Structure formats: C-alpha cells, structure tokens
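Topology and contacts: notes
Listed below are the residues making up each chain.
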Amino acid sequence: HYSGLEEAVYRNIQACKELAQTTRTAYGPNGMNKMVINHLEKLFVTNDAATILRELEVQHPAAKMLVMASHMQEQEVGDGTNFVLVFAGVLLELAEDLLRMGLSVSEASYILITVIEGYEKACKKALEILPDLVCCSAKNLRDVEEVASLLYTSVMSKQYGNERFLAKLIAQACVSILPDSGHFNVDNIRVCKIVGAGISASSVLHGMVFKKETEGDVTSVKDAKIAVYSCPFDGMITETKGTVLIKNAEELMNFSKGEENLMDLQVKAIADSGANVVVTGGKVADMALHYANKYNLMLVRLNSKWDLRRLCKTVGATALPRLTPPTLEEMGHCNSVYLSEVGDTQVVVFKHEKEDGAISTILIRGSTDNLMDDIERAVDDGVNTFKVLTRDKRLVPGGGATEIELAKQITSYGETCPGLDQYAIKKFAEAFEAIPRALAENSGVKANEVISKLYAMHQEGKKNIGFDIEAEAAAVKDMLEAGVLDTYLGKFWGIKLATNAAVTVLRVDQIIMAKPAGGPKPPSGKKDWDEDQND
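If you check an unreviewed UniProt entry, the protein appears there as T-complex protein 1 subunit theta from Prunella fulvescens. Of the comments in the UniProt record for the protein, the one headed Sequence similarities (unreviewed entry) reads "Belongs to the TCP-1 chaperonin family."

As a further point, take the sheet that holds strand E3 (residues 136–137). Ordered in space as E3-E13-E16, the three strands form an open sheet in which the pairing is antiparallel. Each edge of the sheet is formed by a strand with only one pairing partner; in this case those strands are E3 and strand E16 (485–487). Of the strand pairs in this sheet, strand E13 (residues 394–397) and E16 are connected by three bridges, and their pairing is antiparallel. Each bridged residue has a counterpart across the sheet, and for Val396 the counterpart in E16 is Asp486.

Moving on, we get to the side chain of Lys158. Residue position: Lys158 is located in the loop between helix H6 (144–156) and helix H7 (163–176). In contact with Lys158, other than residues within four places in its own chain, are Asn47, Asp48, Asp79, Asp374, Ala378 and Asp381.

This part covers the packing of aromatic side chains. Summed over the entire model, instances satisfying the criterion amount to nine aromatic pairs. Geometrically, the ring pair formed by Phe210 and Phe350 is edge-to-face, given 5.8 Å between the ring centres and 85 degrees between the ring planes. Of this pair, Phe210 sits in strand E5 (residues 203–210) while Phe350 sits in strand E11 (residues 345–351), placing them 140 residues apart in sequence. In this structure Phe210 comes out as buried when scored by relative accessible area, which is 4%. Here Phe350 falls in the buried class, since its relative accessible area comes to 1%. Aromatic rings pair up to connect Phe83, Phe87, Tyr119, Phe428 and Phe432 into one cluster. Above the face of the Trp306 ring, Lys305 is positioned so that its terminal group lies 5.7 Å from the ring centre.

Packing of helix H4 (residues 81–99) against helix H13 (residues 421–431) leaves a shortest axis separation of 9 Å and a crossing angle of 145 degrees. Taken as a pair, H4 and H13 cross one another with a handedness that is right-handed. Contact residues: Phe87, Val90, Leu91, Leu94, Asp97 and Leu98 in H4; Tyr423, Ala424, Lys427, Phe428, Glu430 and Ala431 in H13. For the contact of H4 with H13, the class distribution of residues is nine nonpolar, no polar and three charged.

What follows is about unusual backbone geometry. Positive phi, normally seen in glycine, also occurs at Glu41, with a value near 65 degrees. Looking at where Glu41 falls in the secondary structure, it is placed in the loop between strand E1 (34–37) and strand E2 (43–46). Positive phi values are uncommon outside glycine, yet Asp223 reaches one of about 45 degrees. Here Asp223 is to be found in strand E6 (residues 220–229). Here Asp223 falls in the partly exposed class, since its relative accessible area comes to 49%.

This part takes up the pattern of salt bridges. For the structure shown, the criterion picks out 24 salt bridges. With a closest N to O distance of 2.7 Å, Lys193 and Glu376 form a salt bridge. With Lys193 in strand E4 (residues 189–195) and Glu376 in helix H11 (residues 369–391), this residue pair connects regions lying 183 residues apart in the sequence. Put simply, Lys477 and Asp468 hold a salt bridge, and the shortest N to O gap is 3.3 Å. A relative accessible area of 26% means that Lys477 is categorised as partly exposed. Ionic contacts of the salt-bridge type, sharing partners, join the residues Asp48, Lys158 and Asp381 into one network.

Definitions and cut-offs
Residues numbered from 1 in each chain as written. Predicted model: local features only at pLDDT ≥ 70, side-chain atom pairs only at ≥ 80, totals over all residues. Heavy atoms only, no water. UniProt positions renumbered as here; feature names shortened; annotations may be inferred. Pairing = 2+ DSSP bridges. Helix = DSSP H or I, 4+ residues; strand = E, 2+ residues; numbered from the N terminus. Contact = heavy atoms within 4.5 Å. Phe/Tyr/Trp six-rings, centres within 6.5 Å; stacked < 30°, edge-to-face > 60°. Buried < 20%, exposed > 50% of the residue type's maximum accessible area, 1.4 Å probe, protein only. Lys NZ or Arg CZ within 6 Å of the ring centre and 35° of its normal. Axes fitted to C-alpha atoms, helices over the stretch in contact; angles between N-to-C directions. Left-handed = near helix turned anticlockwise from the far one by under 90°. Nonpolar A, V, L, I, M, F, W, Y, C, P; charged D, E, K, R; others polar. Salt bridge = Lys/Arg side-chain N within 4 Å of Asp/Glu carboxyl O.

In structure tokens:
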C-alpha cells in the first residue's frame, strides 16, 4: 500500500510521463509529425515540440511545470525544447523506480528528499563536466559557409532532406545583418510565405517584402525617399458634424472644388518635400489617389501596425499621425521600392542594399501552407541558433555523443559518493541514455545495440562518437567529422531547466485547486420548476 505522499507523487509523475511520451516520438530528424488541432480548430502538422506545447491545452498542474520549463528553454535558447521535455520525463520515470524499491511507508518522504538531493548533485556535476566536452568553436560568424555548417544540425531536426539548402539561406540572411557590435536581434529576420513552386525556389532579400499591391499607377521607384503615415491617406474629417446649406448649382460646384484644392495642396506639399513613396496605415481615398498619380507618388497601403513599425525601423522613417509634409529627418530611405510578382502573387519589395541593412527577409516557397509553416519554424530555430552562437561560440558533439559521455562520467562520480545519494546520481546518468535511445527508436534501429556500441567507443576515450542516423543498422560515427554539432548553451540550459522542473514536480505532495467542491450545481430556474404545469 502506498502512503498518501507516494500516491500524490506517482500521480504527478504519471501526468508528466504521458506528456513527455507525446513529444519523444517527434525527437530528432526521423521524428514523427504530430497533427494538432487547437481550440480555434486550426490544424498544425509539425514535429516541433515548442509549437505542439503552445497549441495543446495542458490541464494537469504538474505537467504544466514541464511545459513552463520547455517555454523557458524556448525563450533562453530558442531551440532544444524537446530535449528538456524528454530528459525531464525520464528523470521522473527513474525517480518513480527508486520510490518503488520496496521501501516502508515511513521512509517515503526521506527517500524523496534523497532522490532530489542526488539529482541536484548530479546536475551540478554534469554542468561542471560539460565545458570539457566542447569539441570546437565557431571561428568566423561573418563567413556564410561556416555559419551554414553550424546551423545544419538545428535545421535538420525539423526539415530532414532540405537542411543544407535552408541552412545556407538562413546563414546568408543572418550574416548580412550582423552588426559590428555583434548584438544580433532575431526580429530582424523576417519570413514571407508565398504558395507555389517548391522549397528550392526560396530566396533571401535585403529589406522587406509585403504581400500587397501598390495603390496607384507608379510601381517602381529608385533611390526611394519614403513618407510613412499611420493615418488614412484622405482629407481631414471634422470631429463634429456640420450642416452646409447650398442654394444653387454654383455653390455646389465650389463646395467640392474647395475640397479638391485642399487635397491637391496637401499631396503637392508631400511631393515638394522630396518624398516619392508614401506608405499609409489606413484606407486610401479616390481623390487622394488621383493626386498621388498626378505628382508621381508611389502609394503602398499596409494594414498591420506591426508591419508599419518594422518598415519604419528598416528604412529609418518616423510614422506621422497626420497628412503633413515630412521633414528630411522624418523621411526614410532605401535603394529601391518596386512591385514584383512571385508565382501569381503580387509583392512590394523595399530593397535595402547597404550591408548593415536593418532587416533581411527570407522568401519561402512551398506547395501548402502547412509545409511553409513548418519551414518557417525550422528558419526560426536556425536564426535562434545563430543568436546563441553570437553569445557563446562553443559547440558540443550531437547525435547523443555528449549525453553518453555525461552518463559515463556521472556514473563514475556516483560510485564515489557515499550514502543513498549514489542511487539517484546513477539514475540521473541513466536518464541521459534517453536521448540516443529516442534517436535510435525513431530511426527504426535497436536502441540497446546503439547504446552498447556508444558506451564501448566512449570507454576507449572517443568522446565525439554519436549515433549515425543515416545508417540502416545500429551504427556510430564521429560527430565532429560529420558536422553534427549542438550549441554549448543549448545543452547547458536544457540540462539545468529539465532538472529544475523534475525536482519541482517531485517536491509536490498535494495539488490544491481553488475551486468550490461538490458535484454539479442544481438548475437555476423557477423555484417550482419540477411541479406539474397544469396545476
């Protein structure tokens, strides 16, 4: 019989195990896709753990702890969310084994504390060992070829087969906007998705691309000077309604003429200021459009205020709230603005050729929206990996090599520890086997055979040997030579956050919901709702 404490802990562990199992089959390049339908009935087909978790509505409070750890990894590193889930899930599974080791009820809380202490010690040791496992560092983050080879692993886990092409695209986009200070901003890489052609037709553009058409007759401007307005491109409307009494036809003619003259003067003043492109955040009036064509102004309408802000940032413009002529400081500049056609979709391109161009756009082509969404997620992971490399250039071998080496060294450390801690430390080491095991299982290879081969190689001192995903049988190879590398920071935070989440779940003995107790409420109708109506 379990004590109340054990029962509560087992229930929490069970919920977390089920969640981890969901994403475990999606781990690695051969991971299976999940079809997620969210609360708005939108369909997602992906193997990206961050997206799966964001769209699932996880109800169990203990499982939510793992989701929060995974979100923290997403914010801190931008990749490795599945690693956190799988590792934390296995840590909890092995903690359950330790609790089941035939202990008497009175010892349950003592054993839990011992497991927690053992896990914390092992985590600390793992983070001490990790710097020794670094196999190389990024040398030059301005070399497109080198950066592409470093992003290869991150992209491969989402888009197996297209990783080399996509890694090069992402590398070109990132390197082109890396400032001299080295402070890289992820938001400066934009993605524009256009249905049609195939993935290989995707490209990179310096500047911004909008799926819009131009409003007027002018469709191309070189050496563009851009005036940006957050208001509609229309005449001013009075705040209060006025009544105009018109007595004859001449007054009617003069009334509309006055409005036309005013609009003419406003648009002429904008053209005289030197601006040749007008971007507006609201509707464009027919009369204003007529005068814009008259003064050869190119008109672009952007409905999204976010797009308007990003454009201002790219071209260095200030968004004006009223139709006033812009000063030189308020105007934006870029090499050219032109209307182009990609497939059968009209796009407006703001091309910015200077090398420190604030924004780069990756133009994604694909046959379906779902496919392009998945490519966009792979691009996000690649861009985040580049940002991590600007913070810390160290890299560790992928393909389960780092995990097996950590498992080997932590097992040896556990044997030197006295007391009951050592059992928890050895289980922590065993948990690292879950990563190469998941890679092997998802590739349809016998996991035990792979793990025994990896341990055999690592015992010989070959730290960089990992699982060969492309071989048909249970094979291993040197990850450094194969170019399968993970970022040091990704592993560091992954281990830290997964352990913290697992330990937090183990510390919980009761879940108290602040909700009224009892069954369903009685129907709130008339007092005599159950009496016969005919009485």
